[in-house]
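Single-letter residue listing:
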Amino acid sequence: MERFAEILVRIHHQRLDRPFTYRVPPGMDVSVGSRVVVPFGPRRIEGYCIGLAGDLPAAAAEVKDIEEVLDDTPVLTEELIKLAGWGAARYLCSQMDFLQAMVPPGVRWVTGKWAAYSGTEEPISAACRYLQEKGPVKLSAWLKQFPEMDAAGVLRRLRREGVITVTSRDAQGMKPRTVREAVLTAEGRRAEPVGSKQALALEILRKDTALPLSHLADAGVSAATVRSLAARSWVEIREKEVRRDPLDGEHFEPEEPLPLTLAQKEALEQISGAINDRKSGVFLLHGVTGSGKTEVYLQAIARTASAGLGSIVLVPEIALTPQIIERFASRFGGRIAVLHSRLSAGERYDEWRRVAEGDAVVAIGARSAVFAPFAKLGLIILDEEHEATYKQDETPRYHAREVALWRARLHKAAVVLGSATPSLESYRLAELGEYTLSRLPDRIENRPMPPVEIVDMRQELKEKHRSIFSRLLLSTLESTFQQGKQAILLLNRRGYATFVLCRECGHVMRCKSCDISLKFHMAGEALRCHYCDYSEDYPRVCPVCSGRYIRHFGTGTQKVEEELLKYFPDRRVVRLDADTTARKGAHKKILTQFKKKEADVLIGTQMVAKGLDFPDVTLVGVITADTAINLPDFRAGERTFQLLTQVAGRAGRGPAGGRVVVQTYTPDHYAILAAKDHDYPTFYREESQTRQELGYPPYSVLVRLLLAGADEARVIDAASFLAAHLEGSTDILGPSPCPLEKIRGQFRWQLVARGSDTDTLLRIVKKASAEFGGSTFSGDVRLTLDVDPQSLL
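Thresholds, definitions, all that
- Residues numbered from 1 in each chain as written.
- Predicted model: local features only at pLDDT ≥ 70, side-chain atom pairs only at ≥ 80, totals over all residues.
- Heavy atoms only, no water.
- Helix = DSSP H or I, 4+ residues; strand = E, 2+ residues; numbered from the N terminus.
- Buried < 20%, exposed > 50% of the residue type's maximum accessible area, 1.4 Å probe, protein only.
- Contact = heavy atoms within 4.5 Å.
- Areas by Shrake-Rupley, 256 points an atom, 1.4 Å probe, with all protein chains shown as cover.
- Salt bridge = Lys/Arg side-chain N within 4 Å of Asp/Glu carboxyl O.
- Pairing = 2+ DSSP bridges.
- Axes fitted to C-alpha atoms, helices over the stretch in contact; angles between N-to-C directions.
- Parallel < 35°, antiparallel > 145°, perpendicular 65-115°, else oblique.
- Nonpolar A, V, L, I, M, F, W, Y, C, P; charged D, E, K, R; others polar.
- Left-handed = near helix turned anticlockwise from the far one by under 90°.
- Core = buried A, V, L, I, M, F, W, Y, C linked by side-chain atoms within 4.5 Å.
- 1 Å grid on protein atoms, 1.4 Å probe; cavity = no way out; pocket = protein on both sides within 12 Å on 5 of 7 lines; lining within 4 Å.
- Points joined across faces, edges and corners; volume = space filled by probe spheres on them.
- Expected span 1.5 Å × (residues − 1).
- Arc of directions from axis to C-beta.
- Lys, Arg positive; Asp, Glu negative; His and termini not counted.
- Polar contact = N/O pair within 3.5 Å; in protein donor to acceptor, adjacent residues only side chain to side chain.
- Phe/Tyr/Trp six-rings, centres within 6.5 Å; stacked < 30°, edge-to-face > 60°.
- Lys NZ or Arg CZ within 6 Å of the ring centre and 35° of its normal.
- pLDDT = per-residue confidence, 0-100.

Our next topic: the overall build of the protein. Scanning the protein for helices and strands turns up 24 helices and 33 strands. Counting only residues that meet the buried cut, the protein has 53% of its 793 residues in that class. Restricting to contacts in the protein with at least 6 residues of sequence separation, those with at least 24 account for 74%. Carbon and sulfur atoms provide 49% of the accessible area of the protein, an area that totals close to 35,400 Å².

Dropping the structure here:
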């Protein structure tokens, strides 16, 4: 009997976001979730099988055959295909966008045109010449040969300028990694070898029975010798699958479950009850920093595994995975799978398969690990659930929390949202009784919360102290070092300085494409745009007035490090920011160095505020608490409170206690005062009242409609067109220029549609979007829809 498959093709076009019917050739093994290659017009393209049928659908006309199946086993489950349908409707995108967000990426290849490179940097010229001579090469191999290309922003700049092209060779499909091994046969055990080479090979194999051919070669056994043994049937040569293990070479000391406090026990029993009863429930675990939330996670996962169910643990930053992996591997050994974007394509593929085949009981990773293909799922945990990084900032713009809730309802699983500073949305739902609120109000062993001291930097200036370090922070650093302890310094930006200015005419050096001030980076003395990665040399004269009085102002992580070493030249300092962690494994290397006390101070951006647990850190210093407060975003106060509370929680986690020094120019702001007292309820009341009065989430639903184009007048007209189609149907804010008005040469305007019911608002925006798609504006103005936006910048 003939079989037919419904294939969703990999073409990003709104009108083609539907399945097409293809015939399954006799003998071809196609399942729901398989990746396939199909003819589509004159092209051969990739698609996903989302359904099978025994009869040809009546609506189908001439049906073509599927040409190829790309994977030995399907990469997607039927559940994940249903999830893509839900996600496309929930976030106003295509099903294909969601499917591709789930699937582990293929191996990336790079091609280049040396002639297109206009710069003078010799390392880049050499790398581009190599590409032009060799043709497509694996990106990983090219970066290994030319490590300068792996620096932050270099690849993106060259891709944007058309010098290189990076593609994903998915058409070949990812395959298991295999090695050839020699296996000793029964005849080989009894054999009398002829010659010393055969004798050596048999002696080695009689000890280990089976060895990879590469190991035998290392021991002096040639391939010819192995072939001669195989010809006599003394050994058999087989292909053996070898797992690409991201934790290969790591050693983790086994750890027993820790005793629980009364509050931890109560939280664990609530979560376990839902798991045992197979009831979908959401638990907001509101625990102060250092209260033992991770131990609750670990014991809940153990109970989930004993019930034969899988667990997913999400962390907001890749930087946190080394520490959390150490805890989980010490408890669960090789039964954990790691899923995040810093793994190689092969490692992600193998870890994905381990989850799908039931070899792992828990998958750990950043946002995209929420798609881990467990057949039976019992628990999903979002650690630091308030973090904006759980919302993807490119299509599909899903929020991992909402995806977790959808999967939990389908599997009748429990969801645990853990945080010391819950998002207003989650806490509001807990207040309404839709989430179960579990509190961990005290630190383990009743250790006190670290006292937070606020320094008014305006007063420092009045008293002629102009250092980026207040006198209090300097004296506290001194005493910390004298006691042999460590410090963490937080600055919520990277680079050396925030802007470069001509003191004669006042001209600020700006990015030509983004109209945003360029940041000075000490490495290479370059000015760099942190939005499009454009860079230029530090100017010796002003491009406007030709003046020579050029100076950089503000503070970046590099400058903090330089200034710190002026005061404490003998101290060992490490930085954790986007510049120092661009290469694979850099996060772990820096954090391991700090953990081993090979550094006295860790300077970092937001990465250092979350989840890190170092007992010898007795001081946390916040260089400026005002960075986020002054952003034109309704979440600015919430982000500031969360960041300060979280980073303060890095201090005093050991028996020596700790203290926190916060430097600010707005010491009376309610977010800073609430963070000083570790007082979430007071902050929540103030922020919640303001949000309710202004009609912002959690008291409304928002959809951001972002318009971008090279012609500003066309962008403004397109925004007015959309506003006219939304007016009268829902409340709208705007249209108005974005706070970041121009990025990468594109002018940006936005509207925000606001309503009280999600489904109604989505229908209204989808209709307006369709009208825009049929208008003349869609040709040169790009419309991006962001449901539940986390930022309006």
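Below, the discussion takes up the pattern of salt bridges. Scanning all chains against the criterion turns up 36 salt bridges. When the shortest N-O distance is used, the salt bridge between R407 and E79 registers 2.7 Å. Residue R407 is found in helix α14 (residues 400-411), and its partner E79 is found in helix α1 (residues 78-90); the two are separated by 328 residues along the sequence. R575 is paired through a salt bridge with E561; the nearest N and O atoms lie 3.2 Å apart. With R575 in strand β26 (residues 573-576) and E561 in helix α18 (residues 557-567), this residue pair connects regions lying 14 residues apart in the sequence.

Right, let's talk about the sheet that holds strand β28 (residues 617-622) for a bit. On the basis of which strands lie adjacent, the open sheet formed by six strands has the order β19-β29-β28-β20-β27-β26 and parallel pairing. Unpaired on one side and paired on the other, β19 (452-456) and β26 mark the two borders of the sheet. In this sheet, neighbouring strand axes are inclined to one another by 20 degrees on average, regardless of whether the strands run parallel or antiparallel. Across the face of the sheet, helix α19 (residues 586-595) comes into contact with β20 (486-490), β26, β27 (601-604) and β28 while running at roughly 145 degrees to β26.

Moving on to the packing of helix α15 (residues 424-431) against helix α22 (residues 680-694). Running from N to C, α15 and α22 point in directions that differ by 95 degrees, and their axes come no closer than 11 Å. With respect to their mutual orientation, α15 and α22 come out roughly perpendicular. Contacts between α15 and α22 involve L424, Y427, R428 and E431 on the former and, on the latter, Y680, F683, Y684, E687, S688 and R691. Within the contact of α15 with α22, the residues separate by chemical class into five nonpolar, one polar and four charged.

Take the environment of M28 next. Position of M28 among the secondary structure elements: in the loop between β2 (19-24) and β3 (35-40). Using a relative accessible area of 18% as the deciding quantity, one classes M28 as buried. Among residues more than four places away in sequence, those in contact with M28 are R3, I66, E67, E68 and V69.

So, on to the packing of helix α10 (residues 262-277) against helix α11 (residues 293-306). Look at α10 against α11: their axes get within 10 Å of each other, and the N-to-C directions meet at 30 degrees. Viewed along their axes, α10 and α11 adopt a mutual orientation that is roughly parallel. When the axes of α10 and α11 are compared, the crossing they make is right-handed. On the side of α10, the interface is formed by Q264, L268, E269, I271, S272 and I275, while α11 contributes E295, V296, Q299, A300, R303 and T304.

Let us now look at the nonpolar core. A general tendency of soluble globular proteins is for nonpolar side chains to be buried together. If you look at the biggest cluster of nonpolar residues, it comprises 110 residues, and the most contacted ones within it are L76, M102, F371, L602, L705, L707 and L751. Excluding anything up to four places from it in sequence, L76 contacts V32, G33, Y48, I81, L99, M102, V103 and W352. Counting residues in each nonpolar core, the second largest holds 34 residues, with L309, V315, V338 and V361 among its members.

With that out of the way, let us pick up empty space enclosed by the protein. Applying the stated criterion across every chain, the model contains three cavities of 30 Å³ or more. Here the largest cavity is characterised by a volume of approximately 90 Å³. If you go around the largest cavity, the residues you meet are E385, H386, E387, H399, R401, S423, E425, R635, E638, R639, Q642 and Q790. Among the elements that make up the lining of the largest cavity, the one with the highest residue count is helix α20 (residues 636-648) (three residues). For the lining of the largest cavity, the per-class residue count stands at no nonpolar, five polar and seven charged.

This part is about helix α7 (residues 196-208). Between its terminal C-alpha atoms α7 stretches 19 Å, which fits the 18 Å expected from 13 residues at 1.5 Å a residue. Q198, A201, L202, I204 and L205 are the residues of α7 that are buried. Projected down its long axis, α7 carries its buried residues within an arc of 165 degrees, all on one side. Along α7, exposed side chains directed more than 90 degrees from the buried face belong to S196 and K207. Those residues of α7 that are buried lie in contact with β9 (178-184), α6 (186-190), β10 (210-212), α8 (213-218), α9 (223-231) and β11 (235-241).

Before going further, it helps to examine the environment of L260. Looking at where L260 falls in the secondary structure, it is placed in the loop between β11 and α10. Judged by its relative accessible area of 16%, L260 falls in the buried class. Spatially, the C-alpha atoms of L260 and Q299 are 9.8 Å apart, while their sequence positions differ by 39 residues. Setting aside residues no more than four positions away along its own chain, L260 makes contact with K265, L268, E295 and Q299.

This brings us to the side chain of R650. Within the secondary structure layout, R650 lies in the loop between α20 and β29 (659-664). Of the side chains with opposite charge, E384 comes closest to the buried, unpaired R650, at an N-O distance of 4.6 Å. Only 3.0 Å separates the side chain of R650 from the backbone oxygen of Q646, close enough to count as a polar contact.

Within strand β33 (residues 782-787), five of the six residues are buried, which leaves the element mostly enclosed by the surrounding structure. With six bridges joining them, strand β30 (residues 701-709) and β33 adopt antiparallel strand pairing. Directly across from L706, in β33, lies its bridge partner T784.

Time to look at the sheet that holds β9. Across the sheet, three strands lie side by side as β10-β9-β11; this open sheet has antiparallel pairing. Two strands lie at the open edges of the sheet, namely β10 and β11, each paired on one side alone. Across the sheet, the mean angle separating the axes of adjacent strands is 35 degrees when strand polarity is ignored. The pairing of β9 with β10 spans three bridges and is antiparallel. Bridge assignment links E181 to a residue of β10, and that residue is P212. Across the sheet, α7 lies against β9, β10 and β11, angled at about 115 degrees from β10, the strand it touches most.

Counted according to the given criterion, the structure contains 21 aromatic pairs. Every member of this aromatic cluster is reached through a ring pair, and the members are W86, Y91, F98, F371, Y398 and W406. Here the basic side chain of R90 rests over the ring of Y91, its NZ or CZ set 4.9 Å away from the ring centre. For R232, the ring lying beneath its charged end belongs to W234, and the centroid distance is 5.2 Å.

As a further point, take the confidence of the model for the protein. Counting all residues, the mean pLDDT for the protein is 85, and 89% of those residues have values of 70 or more. Within the model, the stretch residues 169-173 combines pLDDT values under 50 with 16 contacts to residues more than four positions away or in other chains.

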